[in-house]
Amino acid sequence: QVQLVESGGGLVQAGGSLRLSCAASGTFFSINDMAWYRQAPGKQRELVASITHSGTTNYADSVKGRFTCSRDNAKNTVYLQMNSLKPEDTAVYYCNVEHRSTWFMPYIEAWGQGTLVTVSS
C-alpha cells in the first residue's frame, strides 16, 4: 500500500507563487509516473502536469510556462512549483502516483487527499 501526503496549498494573491509537495510512503516495489491533477468547483478533474521516472514532463496548455513539475526519486516525492498564479488556478490539487508492489505486477494508481489552492484577484 502507498500513502501520499500532500502539502503546500493555501491562499495567495494573483501573480504569487506556491510550491506543492507530495511524498509517497508505505510498501511498494517501484514508482513510475507521477502527476498533479486539479479539480475546480463544478468542473471535472483535469491533468495539470506529469513527470516520468526519468524526468520527462508534460503540462496542460493552461499552465505551460508558469508551472514546473519535478521529482526526487530518492525521496519518492513530486513537486509542483506554481508561479504567476491566476484566479482560474483555484482548485483542489491532487497528487497521482503509479506504483507496483512487485516487479511482475502491473502499475496501479494512488491518489493523494488533495490540497486546496486559492488564488485571489
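Structure: see above.
Keep in mind it's a predicted model, so treat the numbers as computed, not measured.

Novice: Explanation requested: the side chain of S50 in the structure shown.
Specialist: Looking at the secondary structure, you find S50 in strand β5 (residues 46-51). Contacts of S50, omitting those with residues within four sequence positions, involve M34, A35, T56, T57, N58 and C69.

Novice: When you look at the pattern of salt bridges in this model, what are you seeing that I'm missing?
Specialist: All chains considered together, the criterion is met by four salt bridges. Linking E46 and R38 is a salt bridge whose minimum nitrogen-to-oxygen distance equals 2.7 Å. Here R38 falls in the buried class, since its relative accessible area comes to 6%. In this structure, the salt-bridge partner of D89 is R66, at a minimum N-O distance of 2.7 Å. Taken as a pair, D89 in the loop between β8 (77-82) and β9 (91-100) and R66 in the loop between β6 (57-59) and β7 (67-72) lie far apart in primary sequence, 23 residues in all.

Novice: Whenever I open this one, the sheet that holds strand β3 (residues 18-26) confuses me. Can you help?
Specialist: In sheet architecture, strand pairing relies on hydrogen bonds along the backbone and comes in two forms, parallel and antiparallel. Strand order in the open sheet formed by four strands is β1-β3-β8-β7, with antiparallel pairing between adjacent strands. At either end of the open sheet lies a strand with only one pairing partner, and these are β1 (2-7) and β7. When strand polarity is set aside, the average angle formed by the axes of neighbouring strands in this sheet is 15 degrees.

Novice: I'm lost on the environment of T57 in this one. Help?
Specialist: Examined against the element boundaries, T57 turns out to sit in strand β6. Expressed as a C-alpha distance, the spacing of T57 and T68, which sit 11 residues apart in the sequence, is 8.6 Å.

Novice: Where do I start with the state of the cysteines in this structure?
Specialist: By definition, a disulfide links the sulfur atoms of two cysteines through a covalent bond. Using the criterion set out here, one finds one disulfide in the structure. Paired through a disulfide, C22 and C95 show a sulfur-sulfur distance of 2.1 Å. Here C22 and C95 share a disulfide; its torsion about the S-S bond, -75 degrees, makes the bridge left-handed. Of this pair, C22 sits in strand β3 while C95 sits in strand β9, placing them 73 residues apart in sequence.

Rules used throughout
- Residues numbered from 1 in each chain as written.
- Predicted model: local features only at pLDDT ≥ 70, side-chain atom pairs only at ≥ 80, totals over all residues.
- Heavy atoms only, no water.
- Helix = DSSP H or I, 4+ residues; strand = E, 2+ residues; numbered from the N terminus.
- Contact = heavy atoms within 4.5 Å.
- Salt bridge = Lys/Arg side-chain N within 4 Å of Asp/Glu carboxyl O.
- Buried < 20%, exposed > 50% of the residue type's maximum accessible area, 1.4 Å probe, protein only.
- Pairing = 2+ DSSP bridges.
- Axes fitted to C-alpha atoms, helices over the stretch in contact; angles between N-to-C directions.
- Disulfide = S-S within 2.5 Å.

The analysis is restricted to geometry; functional conclusions fall outside its scope.
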